[in-house]
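Structural overview for review
Now for the letters of each chain:
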Amino acid sequence: MQFRNPAGVHAPVAAYSHQVEVPANARWLVLSGQIGLRPDGTAPADPAEQLEVALANIRRNLEAAGMRIADLVKLTIYLAGDIDADRRRQMLGAFFGDHRPCMTLLCVSALASPALKVEIDAWAARETPESR
C-alpha cells in the first residue's frame with residue numbers, strides 16, 4: 001500500500017496521511033463503528049478512556065481477522081463531548097506508532113446512547129501475494 005501526502009496539498013495537521021492507494025486484489029476488512037464499550041458491557045465515564053477502549057476494540061477486531069494496525073487505511077472518529085486534544089493525540093500516536101492511515105475527526109452532538117462519547121469507523125486492507 002502506498003501512503004502519500006502530495007506536494008500540492010498542505011501538510012497533514014496531525015498524524016495521518018492524505019491518501020492511501022490500495023493495490024488490486026488486496027483483502028478488505030470494514031469495521032462497524034467501534035465504541036468505548038468494554039467486553040463486559042461497561043463504558044468508562046471519561047471520554048479519553050472510551051477512546052482507549054474503542055482503539056482496543058479495533059485492535060481485537062483486526063487480530064480476529066488476521067490483520068494488524070499497519071493494515072488500517074482509513075478511520076473516521078466521532079466525538080460527542082470534550083476530550084483533551086493533546087491527550088487524544090498522544091493516545092492515537094501510541095496506538096499507531098509510525099503508521100499514518102487516512103483519518104477524519106468529527107465532533108457530533110450525540111451518539112447512539114448518551115453514555116457513549118466515542119465511536120470509530122475503520123477500514124483495513126491487507127496485501128495478498130497476488131497484489132504485490
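These remarks concern the structure in this document. Here the structure is a predicted model, which is why all the values come from computation and not from measurement.

**Focus on the environment of Ser113**
Here Ser113 is to be found in the loop between strand S5 (102-107) and strand S6 (118-126). Residues Ser113 and Arg100, spaced 13 residues apart in sequence, show a C-alpha to C-alpha distance of 30 Å.

**What to know about the nonpolar core**
Membership of the largest hydrophobic core comes to 25 residues, with the highest contact counts inside it found for Ile58, Leu62, Leu72, Leu75, Phe96 and Ile120. Among the secondary structure elements, those contributing two or more residues to this core are strand S3 (27-35), helix H1 (47-64), strand S4 (72-79), helix H2 (85-96) and S6. No other element matches the six residues that H1 contributes to this core. With near-sequence residues (within four places) excluded, Leu75 lies in contact with Ile58, Phe96, Pro101, Cys102, Met103, Thr104, Ile120, Asp121 and Ala122.

**As for a nonpolar patch on the surface**
Where nonpolar side chains cluster on the molecular surface, the patch consists of Trp28, Val30 and Trp123 and spans about 320 Å² of accessible area. Relative to the helices and strands, Trp28 is located in strand S3.

**Quick word on the pairing of S5**
Here S4 runs beside S5; their pairing, made up of six bridges, is parallel. Residue pairing in the sheet places Ile77 in a bridge with Leu105 of S5.

**Comments concerning the environment of Tyr16**
Position of Tyr16 relative to the elements: it lies in the loop between strand S1 (2-4) and strand S2 (19-21). The sequence separation of Tyr16 and Ile83 amounts to 67 residues, and the corresponding C-alpha distance is 19 Å. Residues in contact with Tyr16, not counting those within four places in the same chain, are Asn5, His10, Arg100, Pro101 and Met103. Separated by 3.3 Å, the side chain of Tyr16 and the backbone nitrogen of Val13 make a polar contact.

**Things to note about the pattern of salt bridges**
Oppositely charged side chains can form a pair if their charged atoms are brought close together. Scanning the model with the defined rule gives five salt bridges in all. Linking Arg87 and Asp46 is a salt bridge whose minimum nitrogen-to-oxygen distance equals 3.3 Å. With a gap of 41 residues between them, Arg87 in helix H2 and Asp46 in the loop between S3 and H1 connect regions that are remote in the sequence. Overall, Arg87 belongs to the partly exposed group, its relative accessible area being 37%. Notably, a salt bridge pairs Arg68 with Asp71, separated by 3.6 Å at the nearest N-O pair. For Arg68, a relative accessible area of 43% translates into the label partly exposed. Judged by relative accessible area, which is 3%, Asp71 ranks as buried. A cluster of three or more residues bridged by salt bridges with shared partners is formed by Arg68, Asp71 and Arg126.

The rules behind each value
- Residues numbered from 1 in each chain as written.
- Predicted model: local features only at pLDDT ≥ 70, side-chain atom pairs only at ≥ 80, totals over all residues.
- Heavy atoms only, no water.
- Helix = DSSP H or I, 4+ residues; strand = E, 2+ residues; numbered from the N terminus.
- Core = buried A, V, L, I, M, F, W, Y, C linked by side-chain atoms within 4.5 Å.
- Buried < 20%, exposed > 50% of the residue type's maximum accessible area, 1.4 Å probe, protein only.
- Contact = heavy atoms within 4.5 Å.
- Patch = residues over 30% accessible without salt bridge, like charges linked within 9 Å, V, L, I, M, F, W, Y side chains within 5 Å.
- Areas by Shrake-Rupley, 256 points an atom, 1.4 Å probe, with all protein chains shown as cover.
- Salt bridge = Lys/Arg side-chain N within 4 Å of Asp/Glu carboxyl O.
- Pairing = 2+ DSSP bridges.
- Polar contact = N/O pair within 3.5 Å; in protein donor to acceptor, adjacent residues only side chain to side chain.

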